[in-house]
Amino acid sequence: MPRKICENCNERAACVLRYDRSILCRECFCRVFEEEVHQTITKYELFKPGQKVAIGASGGKDSAVLMQVMKILNERYNYGLTLYLLSIDEGISGYRDHSLEEVKFHSNNYGLELKILSYKDLYNWSMDEIVAVAGRKSNCTFCGVFRRQALDRGAWQLGVDIVATGHNGDDVAETVLMNMLRGDVGRLSRCTAITTADDPSGIPRVKPLKYQYEAEIVKYARHSKVRYFSTECTYAPGAHRGHIREYLRAATKIRPHVVLDIIKAGESFEVKDGVKLPIKSRCTRCDYISSQPVCKACLLLEGLNTGRPLLGIGKTKEGRVKKYKTIKIESGEKCGKTDDCCSKEKEKKCEINDDEIETCGNPAAGLQAKDLEKLSIAAEASDLF
Ligand code: SF4
Ligand code: ZN
């Protein structure tokens, strides 16, 4: 069988590009990958010369590849950026402590200043301590809410203009599908945004890897010898984990560009006039952006500090999920439960505000039990694609 050669330089081929099936050698593949990220950065004007940029660094493959590519492109194309690394230590022994060792290696290797903020320092609770009192059902809710604030606080402390995160194309496509399954119109309309620069609620975040396939990030890491930590979080949700990712993998086999197609579809969504979206204001306790008088992090902390750890996640004292709250309606208005209803109260679903959650990249992280249940049901309906 003849040896496959690179279509670009006639060297020995190492891989096939997912979207157009080009056959490339290691060097040409890495160069093409870097050029694609460069095109994303320039097309969407993600950075301005002179800006200080914090790269969200977890030690995993996406952030490790992002660090290397940003460092290379900043020098190759004179972006004029000052790069920093920003890590959040959730306090998960056997997981985050090890992955942070990788980040420290990268910090030394690339000569980039590293800032690590821990939940213990910020909130006086580590995730290990939270799981010990609240159990393992809602750990990702605590973790996601605290991470969102922690990233912003770390960025403020570093004095950066912008935060670059390692979200890849598969992550964005998964988010589109998850928001669709949850009927979360507000998030659906903006989850594909490559930048939050239009959102005045904090330091802008950008996703330079938004159009890169996860499989090609792994290939890039392998071919350019980027070190990364690949062990799963100790508290990652087990049974439902990765259903959406499994969907995408199965769909990609039939239609290789399904990830980019879903992103494109997500980018085209528009919210109809009249659909109610959360209004952002400030938390009355900590001044962080919130659509409620008290932000989710303060509510969760209050629960932890007063021995009621499930307080902020919609659960009653008895530990059952409180699905509904009652709201008063005007006299004469019907609750809608039955056609001839005459009750003076109607029930409205109680929802967590997902804007206050930052997921860790785990596709099921940051979801509540009710969401996971929905995903599980949807996963069984295998004709989705
Ligand atoms: Fe936190 Fe992610 Fe682990 Fe959940 S899976 S506890 S969000 S690090
Ligand atoms: Zn608050």
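See the structure printed just above.
Residues numbered from 1 in each chain as written. Chains lettered and ligands numbered in written order. Predicted model: local features only at pLDDT ≥ 70, side-chain atom pairs only at ≥ 80, totals over all residues. Heavy atoms only, no water.

Q: Please explain the packing of helix H6 (residues 139–158) against helix H12 (residues 296–305) as it appears in this structure.
A: For any two helices packed against each other, the geometry comes down to the angle between their axes and how far apart the axes lie. Packing of H6 against H12 brings their axes to within 9 Å, and their N-to-C directions diverge by 130°. With respect to H12, the element H6 is oriented oblique. Along this stretch, H6 crosses H12, giving a crossing that reads as left-handed. Together, Thr141, Phe142, Val145, Phe146 and Gln149 of H6 and Lys296, Ala297, Leu300, Leu301 and Leu304 of H12 make up the contact between the two elements. Looking at the contact of H6 with H12 residue by residue, the class counts come to seven nonpolar, two polar and one charged. (Axes fitted to C-alpha atoms, helices over the stretch in contact; angles between N-to-C directions. Helix = DSSP H or I, 4+ residues; strand = E, 2+ residues; numbered from the N terminus. Parallel < 35°, antiparallel > 145°, perpendicular 65-115°, else oblique. Left-handed = near helix turned anticlockwise from the far one by under 90°. Contact = heavy atoms within 4.5 Å. Nonpolar A, V, L, I, M, F, W, Y, C, P; charged D, E, K, R; others polar.)

Q: What's the story with the packing of helix H1 (residues 26–43) against helix H2 (residues 61–76) in this structure? I'm lost.
A: As a packed pair, H1 and H2 sit with axes 10 Å apart at the nearest point and diverge in direction by 75°. Of the possible angle classes, the one that applies to H1 and H2 is roughly perpendicular. Touching Arg31, Phe33, Glu34, Glu35, Val37, His38 and Ile41 of H1 are Val65, Val69, Met70, Ile72, Leu73 and Arg76, all from H2. When the residues that make up the contact of H1 with H2 are grouped by side-chain class, the tally is eight nonpolar, one polar and four charged.

Q: Help me out: how do you make sense of the pattern of salt bridges in this one?
A: It is possible for side chains bearing opposite charge to pair when their charged atoms get close. All told, the structure shown has 20 salt bridges when counted by the stated rule. With a closest N to O distance of 3.2 Å, Arg245 and Asp171 form a salt bridge. Separated by 74 residues along the polypeptide, Arg245 in helix H10 (residues 243–254) and Asp171 in helix H7 (residues 169–182) bring together distant segments of the chain. For Arg245, a relative accessible area of 15% gives the class buried. Sharing partners across several salt bridges, the network here consists of Lys61, Asp62, Asp171, Glu174, Glu214, Arg245 and Arg249. (Salt bridge = Lys/Arg side-chain N within 4 Å of Asp/Glu carboxyl O. Buried < 20%, exposed > 50% of the residue type's maximum accessible area, 1.4 Å probe, protein only.)

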